[in-house]
Amino acid sequence: ALVRRIIQNKSLYKVNTLVDCGNFCSSSFGLSIGIYDADQINGNVEFRLGKTGESYQGINKGEITIENRFTIADETGPFGNPSSDSDRTKITLKTTSVLFVIYAPVNYDSNSLKKHTDFSESVILKYCSGKVIDKSFLPS
């Protein structure tokens, strides 16, 4: 959706510095990025297919149906996918801790993904400060 806006010469949404950095990184390497307020995430996080009837409240989009679509979820339920994030875990000016996710196909080159991760980290640290506590890659 972000790349489509760029191709159509539409302006990008300006949310806040962190989200803007994520949009810059996403458009730089053409992969979806999710940035979530970690303090709004409950328990363990998993990447899975949405279950029958599952949905969540999207950011300014109403209900997002995720049945049989890739989603990221915690113990409360799903809160994001490669095309839409949830209102529950959205980034606000009060956010102090984040979960940053690069959504990539399973066969995506791992060296390129590492470079994208390092690039994203450098951009966010440059413009938002902070520190990285953990960095993980899901196994293919």
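You'll find the structure just up there.
Residues numbered from 1 in each chain as written. Predicted model: local features only at pLDDT ≥ 70, side-chain atom pairs only at ≥ 80, totals over all residues. Heavy atoms only, no water.

## A few points about the side chain of threonine 95
Of note, threonine 95 is situated in the loop between strand 7 (84-85) and strand 8 (98-103). Owing to a relative accessible area of 16%, threonine 95 belongs among the buried residues under this scheme. Here the side chain of threonine 95 touches threonine 92 through a polar contact of 2.9 Å, landing on its backbone nitrogen. If sequence neighbours within four positions are ignored, threonine 95 has contacts with Asp37 and Lys90. (Helix = DSSP H or I, 4+ residues; strand = E, 2+ residues; numbered from the N terminus. Buried < 20%, exposed > 50% of the residue type's maximum accessible area, 1.4 Å probe, protein only. Polar contact = N/O pair within 3.5 Å; in protein donor to acceptor, adjacent residues only side chain to side chain. Contact = heavy atoms within 4.5 Å.)

## Digging into the sheet that holds strand 2 (residues 46-49)
Spatial ordering of the open sheet is given by 2-5-6-7, a layout of four strands whose pairing is antiparallel. Of all the strands in the sheet, just strand 2 and strand 7 have a single pairing partner and so form its edges. By the bridge criterion, two bridges tie strand 6 (residues 78-81) to strand 7 in an arrangement that is antiparallel. In the strand pairing of strand 7, glycine 80 is matched with aspartate 85. (Pairing = 2+ DSSP bridges.)

## Concerning the pattern of salt bridges
On inspection of all chains with the given rule, the structure shows seven salt bridges. The shortest N-O distance in the salt bridge between arginine 48 and glutamate 46 comes to 3.0 Å. Among the residues examined, glutamate 46 registers a relative accessible area of 40% and is labelled partly exposed. Note that arginine 88 and aspartate 74 form a salt bridge whose closest N and O atoms lie 2.8 Å from each other. (Salt bridge = Lys/Arg side-chain N within 4 Å of Asp/Glu carboxyl O.)

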